[in-house]
Amino acid sequence: MTKKEFIHRVPKAELHLHIEGTFEPELMFAIAHRNNIQLEYASVDELKQAYQFANLQEFLDIYYAGAGVLLYEQDFYDLTRAYFDRIHAQGVVHAEIFFDPQTHTDRGVAFETVLKGITRAMDDVREQYGLSSGLILSILRHLSEESALRTLDEALPFKQYFIGVGLDSSELGHPPVKFKRVFERARAEGLKTLAHAGEEGPPAYVWEAIDLLGVDRLDHGNRSMEDDRLVAELIRRKIALTLCPLSNLKLQVVSDLRQHPLKRMMERGMLVTVNSDDPAYFGGYLNENYEAIAEALELSIDEIGQLAVNSFEASFLSAAEKASWTGKIEAMLQ
Ligand code: ADE
Ligand code: ZN
């Protein structure tokens, strides 16, 4: 079996995926049209031309503008369903998905509208494909603590529909400590916690995410490698990192995938996973991320299999579900 065939066939979980980042230009134009909204770009091609980013903020400006055409429950359903159809064809069997409620509620879209559209698609694909998924409410860190607390208040009546609370958006200048009380509340409610840290921000932000927010899993974390004591602590506490190779390349977190820290992290004994982040903007879904990083770092089939195992180990699935999937992968590696 070639590496490419193995990547396609092996069961995988995706753990770092923003549903708003799966908004393909064609669907964006179709939804804008039916909602009578004029996009800033004249055509799909013109929009795609704009997907050149010098840093995270340049991407976020375009990503939030795109999400602005989502108004109705059916829009959120169509967006989510399109993502699931794609990953089902890629051998993904489980996905833990971020959504950014403030991006929508700040435009007057009801929290419930967003949630109902996304969860209806989650229910449908569980039934039709046996594809399991969980939802993670992600707080926008460029907004205030007060806005985050209000969002959590609004979300708690729907707590059974999500598994955790995350932290995303513009990292520099918005350290995790800003949301210490928000995360205390989320943890007290029995929710898992996650944070983007060390994508552009320094190792100090990763320390805050693990010590002050008490995260169960860390998103990106690339810059942890600058601090040996931090690396040792992430290993000791078994905190998994959700790495996103094509995202890192597109947002110039790395200048070349051959410089990506994934393999060095594996060699150090860190629990790392491969994910797509915002696939409609970064040029690939999950398998394209596996293929690109496997090629750049010359990963073996065993190493690729280990990454697939890690994707379940680092998930919020039950111990029995983890064992069932990792057993299947190990059988493929025999
Ligand atoms: N929101 C969507 N994608 C993101 C990323 N890579 N970093 C921070 N916030 C995001
Ligand atoms: Zn992300």
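For every chain, the first residue of the written sequence is number 1, and numbering continues from 1 onward in sequence order. Each chain takes a letter, starting from A, and each ligand takes a number, starting from 1, following the order in which they are written. Restriction of local features to residues with pLDDT of at least 70 applies here, the model being predicted, together with a cutoff of 80 or more for giving and counting side-chain atom pairs; totals for whole chains, interfaces and linings are based on all residues. The basis for the side-chain values is all heavy atoms of the structure; hydrogens and waters are excluded.

A. Local environment of the nonpolar core. Counting 108 residues, the largest nonpolar core has Phe59, Tyr83, Phe84, Phe99, Leu262, Val272 and Tyr281 as its most contacted members. In this analysis, two residues are considered to be in contact whenever any of their non-hydrogen atoms come within 4.5 Å of each other. Setting aside its immediate chain neighbours within four residues, Tyr281 contacts Glu20, Gly21, Phe23, Met28, Tyr51, Phe53, Phe59, Ile62, Tyr63, Gly66 and Lys250. We define the nonpolar core as a collection of buried residues of types Ala, Val, Leu, Ile, Met, Phe, Trp, Tyr and Cys that are connected through side-chain atoms lying within 4.5 Å of one another. Under the scheme applied here, a residue whose accessible area is under 20% of the maximum for its type counts as buried, over 50% as exposed, and between as partly exposed, the area being computed with a 1.4 Å probe on protein chains only.

B. Representation of the site of ligand 1. Neighbouring ligand 1 are His18, Leu56, Phe59, Leu60, Tyr63, Asp168, Ser169, His196, Glu199, His220, Asp277 and Asp278. His18 has a polar side-chain atom sitting 3.3 Å from a nitrogen atom of ligand 1. Using a 1.4 Å probe, the Shrake-Rupley method yields the accessible areas, and only the shown protein chains count as cover for residues. Protein chains shield 100% of the accessible area of ligand 1, which is 260 Å² for the free molecule. All residues other than Ala, Val, Leu, Ile, Met, Phe, Trp, Tyr, Cys, Pro, Asp, Glu, Lys and Arg, Gly among them, are scored as polar; the first ten of these are nonpolar and the last four charged. Grouping the constituent residues of the shell around ligand 1 by class yields 4 nonpolar, 4 polar and 4 charged. Think of it this way: one heavy atom of a residue within 4 Å of a molecule or strand is enough to make that residue near it. Distance and chemistry together define a polar contact, namely a pair of N or O atoms within 3.5 Å, with one atom able to donate a hydrogen and the other to accept it when in protein, and with adjacent residues in sequence counting only for side-chain atoms on both sides.

C. Quick peek at the coordination of the zinc ion (ligand 2). Coordination here is defined by N, O and S atoms within 2.8 Å of the metal (3.2 Å for Na, K and Ca), and since water is not considered, a site can look incomplete. Protein ligation of the zinc ion (ligand 2) involves His16 (NE2), His18 (NE2), His196 (NE2) and Asp277 (OD), the donor distances falling in the range 2.0 to 2.2 Å. Angle rules define the geometry names used: all angles between 85 and 135 degrees makes four donors tetrahedral, while opposite donors over 155 degrees apart and all other angles between 65 and 115 make four donors square planar and six octahedral, leaving every other case irregular. The site at the zinc ion (ligand 2) holds 4 donor atoms, and with the angles between them running 83 to 175°, its shape is irregular. Here the donor residues of the zinc ion (ligand 2) are spaced in sequence according to H-x1-H-x177-H-x80-D. Note that His196 is positioned in strand E5 (residues 192-197) and Asp277 in the loop between strand E8 (272-274) and helix H14 (279-282), a separation of 81 residues in sequence. For helices the rule is a DSSP run of H or I covering at least 4 residues; for strands it is a run of E covering at least 2, with both sets numbered from the N terminus onward.

D. Up close: the side chain of Thr326. Along the chain, Thr326 falls in helix H17 (residues 319-333). By relative accessible area, which is 7% here, Thr326 ends up buried. When neighbours within four sequence positions are excluded, Thr326 is seen to be in contact with Val309, Phe312 and Glu313.

E. Spatial organisation of the pairing of strand E6 (residues 217-220). Pairing of E5 with E6 involves 4 bridges; the strand directions are parallel. In the strand pairing of E6, Ala197 is matched with His220. Summarising the sheet, E6 and strand E7 (residues 240-243) pair through 3 bridges and their orientation is parallel. What sits directly across from Asp219, in E7, is Thr242. Following the chain from E6 across helix H11 (residues 228-236) to the adjacent parallel E7, one finds a crossover that is right-handed. Here, strands pair whenever DSSP counts at least two bridges between them. Here the term right-handed applies to a crossover when the path leading from its first strand over the helix to its second strand runs clockwise, the strands being oriented away from the viewer.

F. Structural view of unusual backbone geometry. The backbone phi angle of Ser169 is positive, close to 85°, even though this residue is not glycine. Looking at the element boundaries, Ser169 is found in the loop between strand E4 (164-168) and helix H9 (180-188). We classify Ser169 as buried; its relative accessible area is 6%.

G. Expanded view of the environment of Leu172. With respect to the element layout, Leu172 can be found in the loop between E4 and H9. Sequence separation of Leu172 and Gln57 is 115 residues, and the distance between their C-alpha atoms is 9.6 Å. If near-sequence neighbours (up to four positions away) are discounted, Leu172 is found in contact with Glu200, Gly201 and Tyr205.

H. Structural detail: the pattern of salt bridges. A pairing counts as a salt bridge when a side-chain nitrogen of Lys or Arg comes within 4 Å of a carboxyl oxygen of Asp or Glu. On inspection of all chains with the given rule, the structure shows 19 salt bridges. With a closest N to O distance of 2.7 Å, Asp75 and Arg34 form a salt bridge. One end of the pair, Asp75, is in helix H5 (residues 73-88); the other, Arg34, is in helix H2 (residues 25-34), and 41 residues separate them in sequence. The shortest N-O distance in the salt bridge between Arg181 and Glu145 comes to 2.7 Å.

I. Representation of H5 within the structure. Under the 1.5 Å per step criterion, the end-to-end length of H5 is 22 Å for 16 residues, consistent within 8% with the ideal 22 Å. Turning to H5, its buried residues number three or more, namely Asp75, Phe76, Tyr77, Asp78, Leu79, Thr80, Arg81, Tyr83, Phe84 and Ile87. Where H5 is buried, its residues contact strand E1 (12-14), H2, strand E2 (92-99), helix H6 (101-105), helix H7 (111-129) and strand E3 (132-140). What a helix is expected to span follows from its residue count: subtract one and scale by 1.5 Å.

J. Region of the structure containing the sheet that holds E1. Within the open sheet, the 8 strands sit side by side as E1-E2-E3-E4-E5-E6-E7-E8. Their pairing is parallel. Since the sheet does not close on itself, it has two edges, and those belong to E1 and E8, each with one partner. Within the sheet, the average angular offset between the axes of one strand and its neighbour, ignoring direction, is 25°. Angles run from 0 to 180 degrees between N-to-C directions of axes, and those axes are lines fitted to C-alpha atoms, restricted for helices to the stretch in contact. Against the sheet, helix H15 (residues 286-296) contacts E1, E2 and E8, and its axis sits at roughly 105° relative to E1.

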